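# Close look at the chain arrangement
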Amino acid sequence: MTDEDRPMTEQDTIQTPLAERVEAILLVVDEPISLVALAAAVHAPVPAVRQVIETLVADYDGAGDGPRRGFELREVGGGWRLYVREDHDELIADFIGGQAPARLSQAALETLAVIAYKQPVTRSQVASIRAVNVDSVVRTLLARGLITEMFADAETGAINYGTTDQLLQHLGINSIDELPPISPLLDDGADGFDEGVIR
């Protein structure tokens, strides 16, 4: 087996510069990640990760010789996450709004329904209800402007999601209170269970 074919080990990961490892994790997290969780993910002590975070914040803000970036590293709800700078909100909204509209998948529709009826709700709560991973679906709904980040839980830092005015416009209603009651749409169990189910 050549070195190229050999799978990466934890030791290989540790030899990668710490700032690169921290950035790699920050690029894929959907919710703010605490320093402790980030340190565990990159196999480094918390003080070293804190120092890297401070360096990255300054770097992205253009404090060194480099340019100010269009994104920033921000602490929200006790955790860290990359965000587009507020200066570019209008640009991003125009870009997303100009994308060719596409139909939502069944998974996206189901996730949107859970968020609409249960809001405010966290991504993990939606995943628990749907019994599947909803990370990519939530990103899609956010990008389409159908849901929004409402607030971060004070204890866990988990982002709570809710629906937007854009969704109300698509549905032709003025308020989320105008959604039809969900109970009449659910099976009441009057037909019993499928054959073969243990009673």
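Residues numbered from 1 in each chain as written. Predicted model: local features only at pLDDT ≥ 70, side-chain atom pairs only at ≥ 80, totals over all residues. Heavy atoms only, no water.

A contiguous nonpolar surface patch, about 430 Å² in accessible area, is contributed by Val-84, Leu-91, Ile-92, Phe-95 and Ile-96. Among the elements that line the nonpolar patch, the one with the most residues is helix 5 (residues 89-97), at four residues. You can see Ile-96 is positioned in helix 5. You can call Ile-96 partly exposed: its relative accessible area is 32%. (Patch = residues over 30% accessible without salt bridge, like charges linked within 9 Å, V, L, I, M, F, W, Y side chains within 5 Å. Areas by Shrake-Rupley, 256 points an atom, 1.4 Å probe, with all protein chains shown as cover. Salt bridge = Lys/Arg side-chain N within 4 Å of Asp/Glu carboxyl O. Helix = DSSP H or I, 4+ residues; strand = E, 2+ residues; numbered from the N terminus. Buried < 20%, exposed > 50% of the residue type's maximum accessible area, 1.4 Å probe, protein only.)

The next point concerns the sheet that holds strand 4 (residues 147-152). Here we have three strands laid out as an open sheet, ordered 3-5-4, and antiparallel in their pairing. The open sheet terminates on both sides in strands that have one partner only, identified here as strand 3 (121-122) and strand 4. As paired strands, strand 4 and strand 5 (residues 159-163) are joined by five bridges and run antiparallel to one another. The partner of Glu-149 across the bridge, within strand 5, is Tyr-161. On the sheet, helix 8 (residues 135-143) packs against strand 4 and strand 5 and is oriented at approximately 110° with respect to strand 4. (Pairing = 2+ DSSP bridges. Contact = heavy atoms within 4.5 Å. Axes fitted to C-alpha atoms, helices over the stretch in contact; angles between N-to-C directions.)

With respect to burial, strand 5 is a largely interior element, five of its five residues being buried. With burial as the criterion, each face of strand 5 is covered, one bearing Ile-159, Tyr-161 and Thr-163 and the other bearing Asn-160 and Gly-162. Counted between consecutive antiparallel strands, the loop separating strand 4 from strand 5 contains six residues, among which Gly-157 sits at a positive phi close to 80°.

As a further point, take the nonpolar core. By size, the foremost hydrophobic cluster in this structure holds 18 residues, and its most contacted members are Val-22, Leu-26, Val-49, Ile-53 and Leu-73. Among the elements of the structure, helix 2 (18-28), helix 3 (35-42), helix 4 (46-60) and strand 2 (79-84) are those that each provide at least two residues to this core. Per-element tally for this core: the top contributor is helix 4, with five residues. (Core = buried A, V, L, I, M, F, W, Y, C linked by side-chain atoms within 4.5 Å.)

Along helix 8, the positions that sit buried rather than exposed are Val-137, Val-138 and Leu-141. Each buried residue of helix 8 lies within a common arc of 100° when the element is viewed along its axis, so the set occupies one face. Those residues of helix 8 that are buried lie in contact with helix 6 (106-118), helix 7 (123-130), strand 4 and strand 5. Immediately downstream of helix 8, the backbone of Gly-145 shows phi near 75°, a positive value. (Arc of directions from axis to C-beta.)

This paragraph deals with the layout of surface pockets. Approximately 200 Å³ is the volume found for the second largest pocket. If you go around the second largest pocket, the residues you meet are Leu-104, Leu-109, Leu-112, Ala-113, Ala-116, Tyr-117, Leu-146, Leu-167, His-170, Leu-171 and Leu-179. Mapped by element, the contributors of at least two residues to the lining of the second largest pocket are helix 6 and helix 9 (165-171). Of the residues contributing to the lining of the second largest pocket, the split by class is ten nonpolar, one polar and no charged. (1 Å grid on protein atoms, 1.4 Å probe; cavity = no way out; pocket = protein on both sides within 12 Å on 5 of 7 lines; lining within 4 Å. Points joined across faces, edges and corners; volume = space filled by probe spheres on them. Nonpolar A, V, L, I, M, F, W, Y, C, P; charged D, E, K, R; others polar.)

Each aromatic ring pair is described using two quantities: the centre-to-centre distance and the angle formed by the ring planes. Following the criterion strictly, the structure yields one aromatic pair and no others. One residue, Arg-74, lies across the ring of Tyr-83, its end atom 4.2 Å from the ring centre. (Phe/Tyr/Trp six-rings, centres within 6.5 Å; stacked < 30°, edge-to-face > 60°. Lys NZ or Arg CZ within 6 Å of the ring centre and 35° of its normal.)

This paragraph deals with the pattern of salt bridges. Taken as a whole, this structure holds nine salt bridges when the rule is applied. Linking Arg-123 and Glu-31 is a salt bridge whose minimum nitrogen-to-oxygen distance equals 3.7 Å. Here Glu-31 lies in the loop between helix 2 and helix 3 and Arg-123 lies in helix 7, a separation of 92 residues in the sequence. Residue class for Glu-31 comes out buried when judged on its relative accessible area of 15%. Note that Arg-74 is salt-bridged to Glu-72, the shortest N-O span being 3.0 Å. A network of salt bridges, in which partner residues are shared, links Asp-61, Glu-72, Arg-74 and Arg-85.

Function-wise, these values are silent; they only describe arrangement.
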